[in-house]
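Chain by chain, the residues:
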Amino acid sequence: EGSTVWINLGSANGLNVGDTFAVYELGEPIKDPDSGEVLGQDERKIGRIRVTAVKGPKYSECTIVDGSGLSTGNIVK
């Protein structure tokens, strides 16, 4: 919503106002060519966010520091 995003991490994860995270978009699955087993997924950094309010044990409000195209399903690290 505008420059505000919400993440599913909060006080139970030790988050504090001012913490920053990189945001990644998942790419195509990486498969073992022999077995076809999915080994993982490629990740592409698309932005950074900063925690502006820890709202509860499992969610926080953040502002976008840089990047665009952030959406549901992105990964924060």
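Structural notes, computed from the coordinates. Predicted, not measured: the structure shown is a model, and the values here were computed from it. (Residues numbered from 1 in each chain as written. Predicted model: local features only at pLDDT ≥ 70, side-chain atom pairs only at ≥ 80, totals over all residues. Heavy atoms only, no water.)

## Considering the packing of aromatic side chains
Here's step 1: The full count for this structure, using the stated rule, is zero aromatic pairs.
Here's step 2: Between Lys77 and the ring centre of Tyr24, over which it is positioned, the NZ or CZ distance is 5.5 Å. (Phe/Tyr/Trp six-rings, centres within 6.5 Å; stacked < 30°, edge-to-face > 60°. Lys NZ or Arg CZ within 6 Å of the ring centre and 35° of its normal.)

## Some points on the pattern of salt bridges
Here's step 1: One pass over the structure, following the stated rule, counts four salt bridges.
Here's step 2: Note that Lys55 and Glu61 form a salt bridge whose closest N and O atoms lie 3.9 Å from each other. (Salt bridge = Lys/Arg side-chain N within 4 Å of Asp/Glu carboxyl O.)

## Examining the side chain of Ser60
Here's step 1: Tracing the chain through its elements places Ser60 in strand β4 (residues 60-67).
Here's step 2: Within the local environment of Ser60, its side chain forms a polar contact with the backbone oxygen of Leu9, the two atoms lying 2.8 Å apart. (Helix = DSSP H or I, 4+ residues; strand = E, 2+ residues; numbered from the N terminus. Polar contact = N/O pair within 3.5 Å; in protein donor to acceptor, adjacent residues only side chain to side chain.)

## Here we look at the pairing of strand β1 (residues 4-7)
Here's step 1: Only one face of β1 is covered, namely the one carrying Val5 and Ile7; the face carrying Thr4 and Trp6 has none of its residues buried.
Here's step 2: As paired elements, β1 and β4 share four bridges and run antiparallel to each other. Paired with Ile7 across the bridge in β4 is Ser60. (Buried < 20%, exposed > 50% of the residue type's maximum accessible area, 1.4 Å probe, protein only. Pairing = 2+ DSSP bridges.)

## Focus: the pairing of β4
Here's step 1: Bridge count between strand β3 (residues 38-54) and β4: seven bridges; the pairing is antiparallel. Within β4, the residue paired with Val54 across the bridge is Ser60.
Here's step 2: Counted between consecutive antiparallel strands, the loop separating β3 from β4 contains five residues.

## Description of the sheet that holds β4
Here's step 1: Spatially, five strands are ordered β1-β4-β3-β2-β5 in an open sheet, and the strand pairing comes out antiparallel. Looking at strand neighbours, the two that pair on one side only are β1 and β5 (75-76), the edges of this open sheet.
Here's step 2: The pairing of strand β2 (residues 20-31) with β3 spans ten bridges and is classified as antiparallel. Following the sheet pairing, Glu25 is matched in β3 by Arg44.

## What about the environment of Gly14?
Here's step 1: Checked against the element boundaries, Gly14 lands in the loop between β1 and β2.
Here's step 2: Gly14 sits in the partly exposed class, given a relative accessible area of 45%.
Here's step 3: For the pair formed by Gly14 and Val54, sequence separation is 40 residues and the distance between their alpha carbons is 9.6 Å.

## A closer look at the nonpolar core
Here's step 1: Val5, Ile7, Leu15, Phe21, Val23, Ile46, Ile49, Val51 and Cys62 form the largest nonpolar core, which has nine residues in total.
Here's step 2: Secondary-structure elements contributing two or more residues to this core are β1, β2 and β3.
Here's step 3: In terms of residues, this core owes the most to one element, β3, which gives three residues.
Here's step 4: Among residues more than four places away in sequence, those in contact with Val23 are Arg44, Lys45, Ile46, Gly47, Ile49, Leu70, Asn74, Ile75 and Val76. (Core = buried A, V, L, I, M, F, W, Y, C linked by side-chain atoms within 4.5 Å. Contact = heavy atoms within 4.5 Å.)

Purely spatial values, then, with no claim about function.
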